[in-house]
Amino acid sequence: MTQWEYVTVPLIVHATKQILDQWGEDGWELVQVLQGDGGNLVAYLKRPKGD
């Protein structure tokens with residue numbers, strides 16, 4: 001069974017694509033984006049453990 005590790009990343013609206021592209025290059029997959037405190041966006045990402 002695959003084990004996962006997770007990370008939360010604050011997103012800057014004018015740089016969202018660049019931020020997500022960088023994390024994607026490191027093997028992270030976007031799971032969800034939610035609005036956090038103060039209206040800030042937070043991305044939740046996962047990847048298999050051991051990468």
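Residues numbered from 1 in each chain as written. Predicted model: local features only at pLDDT ≥ 70, side-chain atom pairs only at ≥ 80, totals over all residues. Heavy atoms only, no water.

## A word on the environment of Tyr44
Thinking step 1. Topologically, Tyr44 is positioned in strand β3 (residues 41-48).
Thinking step 2. Residues Tyr44 and Leu34 lie 10 residues apart in sequence; the distance between their C-alpha atoms is 8.1 Å. (Helix = DSSP H or I, 4+ residues; strand = E, 2+ residues; numbered from the N terminus.)

## A word on the sheet that holds strand β2 (residues 29-35)
Thinking step 1. Pairing is antiparallel across the open sheet formed by 3 strands, whose spatial order is β1-β3-β2. With one partner strand each, in any of the chains shown, β1 (4-11) and β2 form the two edges of the open sheet. Shown here is a sheet whose adjacent strand axes are inclined to one another by a mean of 25°, direction ignored.
Thinking step 2. Packing of helix α1 (residues 16-25) onto the sheet brings it into contact with β1, β2 and β3, and relative to β1 it is tilted by some 160°. (Pairing = 2+ DSSP bridges. Axes fitted to C-alpha atoms, helices over the stretch in contact; angles between N-to-C directions. Contact = heavy atoms within 4.5 Å.)

## Concerning the packing of aromatic side chains
The relation between two aromatic rings is expressed through the spacing of the ring centres and the mutual angle of the planes.
Thinking step 1. According to the stated counting rule, one finds 1 aromatic pair in the structure shown.
Thinking step 2. Note on Trp23 and Trp28: the rings are 5.8 Å apart at their centroids and 70° apart in plane angle, and the pair reads as edge-to-face.
Thinking step 3. The lysine or arginine in question, Lys46, covers the ring of Trp4, its NZ or CZ lying 4.0 Å from the ring centre. (Phe/Tyr/Trp six-rings, centres within 6.5 Å; stacked < 30°, edge-to-face > 60°. Lys NZ or Arg CZ within 6 Å of the ring centre and 35° of its normal.)

## Some words on the pattern of salt bridges
Thinking step 1. Applying the stated criterion to the full structure yields 2 salt bridges.
Thinking step 2. Among the ionic pairs, Lys17 bridges to Asp21, the shortest N-O distance being 2.5 Å. Note that Lys17 and Asp21 are positioned in helix α1 at a spacing of 4 residues, about one turn of the helix.
Thinking step 3. We classify Asp21 as partly exposed; its relative accessible area is 36%. (Salt bridge = Lys/Arg side-chain N within 4 Å of Asp/Glu carboxyl O. Buried < 20%, exposed > 50% of the residue type's maximum accessible area, 1.4 Å probe, protein only.)

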